[in-house]
Amino acid sequence: AVGPKLLQYVIKVLVQSVQLLYTLLRIDQPSYILLQNPPGLPSIAIAWVAGLFWRSKLIVDWHNYGYTILSLSHGRNHPLVQIAKWYEKLFGHLADYNLCVTEAMKEDLWVNCNIKAVTLYDRPAAYFKETPLELQHHLYMKLAKDYEPFRARYVAQPGADSSAFTRRDAGRVTHTAARPALLVSSTKDEDFSVLLKALEDYERFIGEGAKLPALVCVITGKGPLKDYYNGLIQKLHFEHIQICTPWLEAEDYPLLLGSADLGVCLHKSSSGLDLPMKVVDMFGCCLPVCAIHFECLHELVKHNENGLIFKDSKELAEQLKMLFWDFPAPGELERLRQRLRASRAPRWEESWDHTVLPLLG
């Protein structure tokens, strides 16, 4: 961290270029080099150079544009952003094959970059699925050791062990009476205040007599704004809502999604052309989702079919009220879950075999 930030950035890119090229030239000769972008600086150029050396074909998998992410901190007209945009277009055009994650991105690549791409939608891995009640109970009991919202509200009977959501009695696991609803979201660089404001309205609805359950809101992830939002959470004084921000082991995250009642996605694309992977994983677990609106979200979330789309905290609060009304009795939330169960979308391996292998011959 010496000298101007621009100089630091240039030195970092040069060092990474040497490291990456050295690594790629030491591996066994590949037939293809598959590169996800972003990050593409310096990896697209280095992968292209390595491809020339190895006589390998380069496949760029476009998940977003790096220059649009860079513009969030520097502005669209910053010289560095313009250089990054030119760089991505140039080396993307030099790739042998291009994949992208939405039809909107496919069209944008062709119209603005003259790059012909094939749409390969993100799909959930096979381990994202509904969690059996027995495994739910095991997860809740594990989390209850460190996080108060998962602990039983009442003392269990002798011989029974209980969480806030489930109880085991005589070897049989059941849901607890009047259990809270479990909402899952995540924070990285999203505007989490939208959810907090919606939860304030939800608390008010209960105070006004609405037939709504208590709510446990689990916020996963470890983004740069996590500490900031934790500070805001501590200032809130909810009576019917508990919020916790656990750090989950990798194998516990799919189990949590498969155990939850509702997912909330606050992801907004920097380009408006990518889709939130967290929603893909939630759908793999047949978990209904409320997602904040942006341009091409409709390619994944079909409003009132497999989830709901909202534009602000007020709209989200009304959706929470509708979905959790008279919970856990079957209602709109169960209708969305049944649609997800019936949709049977292809998993990652099937999608790859169907879309990419024919492309490679």
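In this text, all values refer to a predicted model and were calculated from it rather than measured experimentally.

1. Side note on the domain arrangement of the protein
The extent of an interface is frequently quoted as the accessible surface area lost upon association of the parts. Along its sequence, the protein is organised into domain 1 (4-122 + 352-359) and domain 2 (133-342). The C-alpha centroid of domain 2 is placed 35 Å from the C-alpha centroid of domain 1. On the domain 2 side, the residues contacting the 15 residues of domain 1 number 10 residues. Taking both partners together, domain 1 and domain 2 bury about 960 Å²; carbon and sulfur atoms supply 59% of that area. Between the two partners, domain 1 and domain 2, sit zero salt bridges. Between the two partners, domain 1 and domain 2, sit eight residue pairs in polar contact (both at pLDDT 80 or more). Of all the elements in the fold, those that place two or more residues in the side of domain 1 that touches domain 2 are helix H3 (66-74) and helix H5 (103-113). The element best represented in the side of domain 1 that touches domain 2 is H5, accounting for four residues. Here the residues of the side of domain 1 that touches domain 2 sort into seven nonpolar, four polar and four charged.

2. Re helix H12 (residues 332-343)
Under the 1.5 Å per step criterion, the end-to-end length of H12 is 17 Å for 12 residues, consistent within 8% with the ideal 16 Å. Inspection of H12 places Leu 333, Leu 336, Arg 337 and Leu 340 among the buried residues, and these make up the whole buried set. Buried residues of H12, seen end-on, are gathered within an arc of 100° and therefore sit on one face of the element. In this structure, the buried side of H12 is in contact with strand E11 (262-265), helix H10 (277-284), strand E13 (307-310) and helix H11 (313-323). Positive backbone phi, approximately 45°, marks Arg 344, located one or two places after H12.

3. Considerations on the environment of His 63
By the secondary structure assignment, His 63 is in the loop between strand E2 (57-62) and H3. On the basis of relative accessible area, His 63 is assigned to the buried category, the value being 18%. Between the C-alpha atom of His 63 and that of Thr 102, which follows or precedes it by 39 residues, the distance is 8.6 Å. Leave out the neighbours within four places in its chain, and His 63 touches Gln 36, Asn 37, Pro 38, Val 101, Met 105, Asp 122 and Asp 274. At a separation of 3.0 Å, a polar atom in the side chain of His 63 contacts the side chain of Asp 61.

4. So, the pattern of salt bridges
In total, this model carries 14 salt bridges according to the counting rule given. Where Arg 168 meets Asp 161, a salt bridge forms, and the shortest distance between an N and an O atom there is 4.0 Å. Asp 161 sits in the partly exposed class, given a relative accessible area of 28%. We note a salt bridge from Asp 169 to Arg 167, for which the minimum N-O separation is 3.6 Å. On the accessibility criterion, Asp 169 (31% relative accessible area) is partly exposed.

Calculation criteria
- Residues numbered from 1 in each chain as written.
- Predicted model: local features only at pLDDT ≥ 70, side-chain atom pairs only at ≥ 80, totals over all residues.
- Heavy atoms only, no water.
- Domains from an automatic or database assignment.
- Contact = heavy atoms within 4.5 Å.
- Buried area = accessible area lost by both parts, 1.4 Å probe.
- Salt bridge = Lys/Arg side-chain N within 4 Å of Asp/Glu carboxyl O.
- Polar contact = N/O pair within 3.5 Å; in protein donor to acceptor, adjacent residues only side chain to side chain.
- Helix = DSSP H or I, 4+ residues; strand = E, 2+ residues; numbered from the N terminus.
- Nonpolar A, V, L, I, M, F, W, Y, C, P; charged D, E, K, R; others polar.
- Expected span 1.5 Å × (residues − 1).
- Buried < 20%, exposed > 50% of the residue type's maximum accessible area, 1.4 Å probe, protein only.
- Arc of directions from axis to C-beta.

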